[in-house]
Amino acid sequence: MANWPVLKTYEGAFLRRVALPLGGIGTGTISLGGRGDLRDWEIVNRPAKGFTPRAFFALWAKPEGNEAITRCLEGDIAPEDYEGAFGCALPNHSLPRFRDCTFEAAYPFGQVVLSDTAVPVKARLQAFNPMIVGDSQSSGLPLAVFRWTLTNKTNKPLETALCFSLANFIGQDGSNGKSDKNRNEFRKGKWQGVFLSSEGVAPESEQFGTMAIATNAKKVTHRTAWANYNWGDSLLDFWDDFSEDGDLENGESTVNDPTASLCAKIKLTPRESQAITFVLAWHFPNRKTWTGPREATVGNYYATKFADAWETIEKTAPRLAKLENETLNWVSAFCESDLPAVVKEAALFNTSTLRTQTCFRTSDGRFWGWEGCSDKGGCCHGSCTHVWNYEQATAFLFGDLSRSMREIEFSQATREAGRMDFRVDLPLSAAPDWKLAAADGQMGCLMKLYRDWQLSGDDGMLRNLWPKAKDSLEFCWIPGGWDADCDGVMEGCQHNTMDVEYYGPNPQMGTWYLGALRACEEMARYLGEADFAEKCRALAENGSAWIDKHLFNGEYYEHQIRPPHNTKIALGLRHENMGAQNLDEPELQLGAGCLIDQLVGQCFAHVCGLGYLLKPKNVQRTLKSLMKYNFQSDLHGHFNHMRSYVLAGEGAMLMATYPRGRRPQRPFPYCNEVMTGFEHTAAAHMIYERQTDDALKVISAIRERYDGRKRSPFDEAECGHHYARAMASWAEVLAFTGFEYSAVTGTMIFDAAPQKTTWFWSTGEAWGTFSQEPNAKGYKVHLQVRGGQIRLQKLEVRDVGELVSDKVQILKDGQELQEVIA
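Chemist: Could you clarify how one ought to interpret helix 10 (residues 507–526) in this entry?
Modeler: The α-helix advances 3.6 residues per turn, and as a result positions three or four apart in sequence lie on the same side. With 20 residues, helix 10 should cover 28 Å at 1.5 Å per step; its first-to-last C-alpha distance of 28 Å lies within 8% of that length. Among the 20 residues of helix 10, 17 are classified as buried, and the element is accordingly described as predominantly covered. In this structure N506 caps helix 10, since a side-chain oxygen of it lies 3.3 Å from the backbone nitrogen of Q508. The positive-phi residue at the C-terminal boundary of helix 10 is G528, with phi of around 85 degrees.

Chemist: What is the right way to read the sheet that holds strand 8 (residues 109–115) from this model?
Modeler: Two orientations exist for strands paired in a sheet by backbone hydrogen bonds: parallel and antiparallel. With antiparallel pairing, the nine strands of this open sheet are ordered in space as 1-7-8-9-10-17-14-13-12. The sheet is open, and its two edges are formed by strand 1 (8–11) and strand 12 (182–187), each paired on a single side. On average, adjacent strands in this sheet sit at an angle of 15 degrees to one another, irrespective of strand direction. In the sheet, strand 1 pairs with strand 7 (residues 100–106) via four bridges, with the strands oriented antiparallel.

Chemist: Help me out: how do you make sense of the pattern of salt bridges in this one?
Modeler: Side chains that differ in sign of charge can pair as their charged atoms come close. Scanning the model with the defined rule gives 52 salt bridges in all. R537 is the partner of E541 in a salt bridge, and the nearest nitrogen-oxygen pair spans 3.2 Å. You can see E541 and its partner R537 sitting in helix 11 (residues 530–550), four residues apart, about one turn around the helix. When its relative accessible area of 47% is taken as the criterion, E541 is described as partly exposed. Of the charged contacts, one joins K794 and E802 as a salt bridge, the two residues approaching to 3.8 Å between their closest N and O atoms. One salt-bridge network, in which partners are shared between bridges, spans R518, E521, E522, R525, E534, R537 and E541.

Chemist: For this particular structure, what's the right way to read the environment of E83?
Modeler: Structurally, E83 can be placed in the loop between strand 6 (69–72) and strand 7. When residues no more than four places from it in sequence are discounted, the contact partners of E83 are C88, A89 and L90.

Chemist: Can you walk me through the packing of aromatic side chains in this structure?
Modeler: Two measures describe an aromatic ring pair: the distance that separates the ring centres and the angle between the ring planes. If you walk through the whole model with that rule in mind, you get 42 aromatic pairs. Here F109 and F128 contribute two aromatic rings whose centre-to-centre distance is 5.7 Å and whose plane-to-plane angle is 40 degrees, an arrangement assigned as tilted. Of the two residues, F109 is situated in strand 8 and F128 in strand 9 (residues 121–128); the sequence distance between them amounts to 19 residues. Here F128 falls in the buried class, since its relative accessible area comes to 1%. Ring plane angle 80 degrees and centroid distance 5.2 Å describe the contact between W290 and F360, whose orientation is recorded as edge-to-face. A residue pair is termed long-range when its members are at least 10 positions apart, and W290 in the loop between strand 17 (273–283) and helix 2 (309–316) and F360 in strand 18 (residues 359–361) qualify at 70 residues.

Thresholds, definitions, all that
Residues numbered from 1 in each chain as written. Predicted model: local features only at pLDDT ≥ 70, side-chain atom pairs only at ≥ 80, totals over all residues. Heavy atoms only, no water. Helix = DSSP H or I, 4+ residues; strand = E, 2+ residues; numbered from the N terminus. Expected span 1.5 Å × (residues − 1). Buried < 20%, exposed > 50% of the residue type's maximum accessible area, 1.4 Å probe, protein only. Polar contact = N/O pair within 3.5 Å; in protein donor to acceptor, adjacent residues only side chain to side chain. Pairing = 2+ DSSP bridges. Axes fitted to C-alpha atoms, helices over the stretch in contact; angles between N-to-C directions. Salt bridge = Lys/Arg side-chain N within 4 Å of Asp/Glu carboxyl O. Contact = heavy atoms within 4.5 Å. Phe/Tyr/Trp six-rings, centres within 6.5 Å; stacked < 30°, edge-to-face > 60°.

Here is the structure:
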């Protein structure tokens, strides 16, 4: 059994909501529940919360000279989960289980430990899907690995059997379709198993596909179908067969959704442990577009790599040990980093969103994202720029996927005049259909282009996208635009992530704009466009000074509401039915509020290494005001007229407060809500400003809400499950370490630590560890590259010193650098 890291352990009532997504990037997932159950089968091209076809593992154990015992390999169902008019409604509710259960997690690894005084075997499940930094191919495999380790607790030899049963539900996706003439076929090879297919589901159907279950065990029995009995006797017949001797007798059935069972048998000597691995694979190629009546097939990238689910197993099984080891290496290094546990939990567990139905890859390999997932469908289509602006996990873990999004934003979604549609329709021939720009979305994409270029050193990408990027900044200056008077301050009609338009200068759009100006300055200067770079610099300086002087009230930054009056609003800036309807006195504005997100552009500027956009003392005071006015340790008594993502008794940071009064009669709609993506962004910024204690209060409050008892630790919701914005939590790791990297200049930077410290780092192409130890001569540093490769000429420890080489070195996997910096 591999020794997996454990970042968080769940027990008792804290198992109830645990649901760890198992699956690859762009493949969909099945969730491993806290009891060891398999729930939320979301592998058929759409979200499917609550879709749980028959699927379970079972154990048979017979000590020498004693009666055999049979159990479902799950923990007990809690009495609180008894529901339904006809008894407990949970799947497999009637099966005998284990009394004691714990769940151990360090995403993408999930472990379930089962024991019972009445059962002679202790069972440990290790479940995962490969996830390797910088390797989106190996991290996008449509399968789940289940390794069961059985331990004989007795002093007698023990005969055991493990059985995996799965109903062939092809044709169903949790909300649409039906099974018809589904068939199961036993197959032999290096791995033995059952191939699940359909003869009755149309090959062009979204629900069409194949599945397979297989094991590496030597002694295998199976059923390709359960008996076709009524009154629940199909289950009774299976259970009797398995319980008799731990073997299965195959049978035939003409039902449309036959259940396949695969059984592996092993003998255990006294106190011995042995492991058996099962693999579940799937292949559902016909993903459709995400909106509208023109639902064309856009396909799944993973389906272009394998002919069907059985081929997935055949091609992947020989590599599983290597893939597991590569996943284990970086996850272990991350978990061992000298960072607060709650920061590691928030960052690592939210990376699971990349594997859910929030994200997908079309057959051409492009990476796309909903904002989140409704129970039965995606929520808010189009890789929405103003939502995806916040997350940092994709860029720092899978750089190629992040750059794919930049290509879509600038090559596919940016019009000739520089207007970037903040949603992109599919297929790409429909990309121009949205016709609306978001001020924060467009400016954030410019900052993301700069970030991705720096992390990758991809000059070709920059040169290819720069003309459209330049256009998208100049779009700010068109008549009726966001900064029509070209003074570095946005005053125009600014549609944004609050789903309304702000009118007049405000810090939220203002800092996005300042960050975009600084990013474009740097890119233009690198490309030899000195005049444009200087214009960007001058606008950024003027806008910064104006915002500090006119919007900072001594505690935080306010929004000056300025009706457009007779000014013509440029085409594509106003969402006619979401924002203000009265442009003489616009409603749905921020106004004098203390907004959680008012310095979002500044936080991103720190991530990008672009420095301060506003006066540091004003920035730091603003964050203190957010803690003073917006953070509440207990929201009991809080009024909220919109959605509730937090309840009485829980702590959180509110979206906006009005400590000085002057709240608009109808403020922006989400002002009283709580959303974790914004909280993580504020917390990351606090860490950058050395307000660490406050940041940890915010992060801890989030993770206490997602504690397994109240909500799943792997599903920070906003407008839907697995909301993309919550991946802003990766910025908390960057802030704590002070990590910056430029492949363009070959520079890597870390903050100085006051004691011996080891940190994890990643660039989206490579990863490794950085250790530092202060001594009498300076700082002893040890940089290791443990995956991928980096370009390095300068290694800097802030406020300590730097190491500079004569030329750029290429450090590859396994290479390291040890020196003393003084």
